[in-house]
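Examining the three-dimensional arrangement
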Amino acid sequence: MNTTEALKLRLEYELLEVQQEILILLETHSEPEYLALKNLLLCSKIADWPEKIGEHVPEKIRRKKLRIEQTQAALIQLELGFYGFCADCDAPIEIHLLESDPATQRCANCQNRTAK
Ligand SMILES: [Zn+2]
């Protein structure tokens, strides 16, 4: 298995994991709207989850929703052959950054620039 295939597996696995975590978080809320959301998600494609989850959810779930968007974006880039290039400067993203977060979108230079 090459590095890209290994990263792809990690992304796919993480996506499944985050889906599970969201469902568990929704279960911990007793309000009927969260139960309804959970049932809605269970019969929706993962690609539709971020839209269905929306903005009016607790911070924890919003963060997981963001992670779904990031991992999905990376998987789409993999499919299209654009994976591993910086969203800001188009330079190849350093492999150690991709290995620490396969959904990362920026090279070391641009990460440092936005961190400041
Ligand atoms: Zn860059």
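Residues numbered from 1 in each chain as written. Predicted model: local features only at pLDDT ≥ 70, side-chain atom pairs only at ≥ 80, totals over all residues.

Observations concerning the overall build of the protein
Heads up, the rule is: Under the scheme used here, helices are H or I runs from DSSP no shorter than 4 residues and strands are E runs no shorter than 2 residues, and both carry numbers assigned from the N terminus. Counting other C-beta atoms within 10 Å of a residue's own tells you its class, since 20 or more makes it buried, 12 or fewer makes it exposed, and anything in between is partly exposed; those C-beta atoms are placed from the backbone.
Summing up its helical and strand segments, the protein has 6 helices and 0 strands in all. Mapped in sequence order, the helices and strands of the protein form the string α-α-α-α-α-α. Projected onto the principal axes, the alpha-carbon positions of the protein cover approximately 45 × 35 × 20 Å. For the protein, with 116 residues in total, the buried portion stands at 17%.

Some thoughts on unusual backbone geometry
A positive phi angle, near 65 degrees, is found at Asp90, a position not held by glycine. Counting through the fold element by element, Asp90 comes out in the loop between α4 (59-80) and α5 (95-100). Residue classification places Asp90 among the exposed residues on the basis of 9 C-beta atoms within 10 Å.

Details of the environment of Ser44
Just so we agree on the cut-off: Residues are scored as being in contact if the C-beta atoms we place from backbone atoms lie within 7 Å.
Turning to its location among the elements, Ser44 is positioned in the loop between α2 (32-42) and α3 (49-53). Note on Ser44: 13 C-beta atoms within 10 Å, which makes it partly exposed. Taking the C-alpha atoms as reference, Ser44 lies 18 Å from Arg62; in sequence the two are 18 residues apart. Each residue touching Ser44, except ones within four places of it in the same chain, is listed here: Trp49 and Lys52.

Considerations on the confidence of the model for the protein
Where we set the bar: For every residue, the predictor states its confidence as a pLDDT score lying anywhere from 0 to 100.
Per-residue pLDDT for the protein averages 94, and the proportion of residues at 70 or more is 99%. Per-element averaging of pLDDT across the protein places helix α6 (residues 108-115) at the bottom with 90 and α3 at the top with 97.

Overview of the packing of helix α1 (residues 3-28) against α4
Our working definition: All axes are obtained by fitting lines to C-alpha atoms, using only the stretch in contact for helices, and the reported angles, taken between N-to-C directions, cover 0 to 180 degrees. Between 65 and 115 degrees an angle is taken as roughly perpendicular, under 35 as roughly parallel, over 145 as roughly antiparallel, and anywhere else as oblique. Should the near helix be turned anticlockwise from the far one by less than a right angle, the crossing is left-handed, and should it be turned clockwise, the crossing is right-handed. Each residue receives one of three labels: charged for Asp, Glu, Lys and Arg, nonpolar for Ala, Val, Leu, Ile, Met, Phe, Trp, Tyr, Cys and Pro, and polar for the others, Gly being one of them.
The interhelical angle for the contact between α1 and α4, taken along N-to-C directions, is 155 degrees, at an axis separation of 9 Å. Compared by their axis directions, α1 and α4 come out roughly antiparallel. When you trace α1 past α4, the crossing you get is left-handed. Within the contact between the two elements, α1 uses Thr4, Lys8, Leu11, Glu12, Glu14, Leu15, Val18, Glu21, Ile22 and Leu25 and α4 uses Lys60, Ile61, Lys64, Arg67, Ile68, Thr71, Gln72, Ala74, Leu75 and Leu78. Taken together, the residues of the contact of α1 with α4 sort by class into 10 nonpolar, 3 polar and 7 charged.

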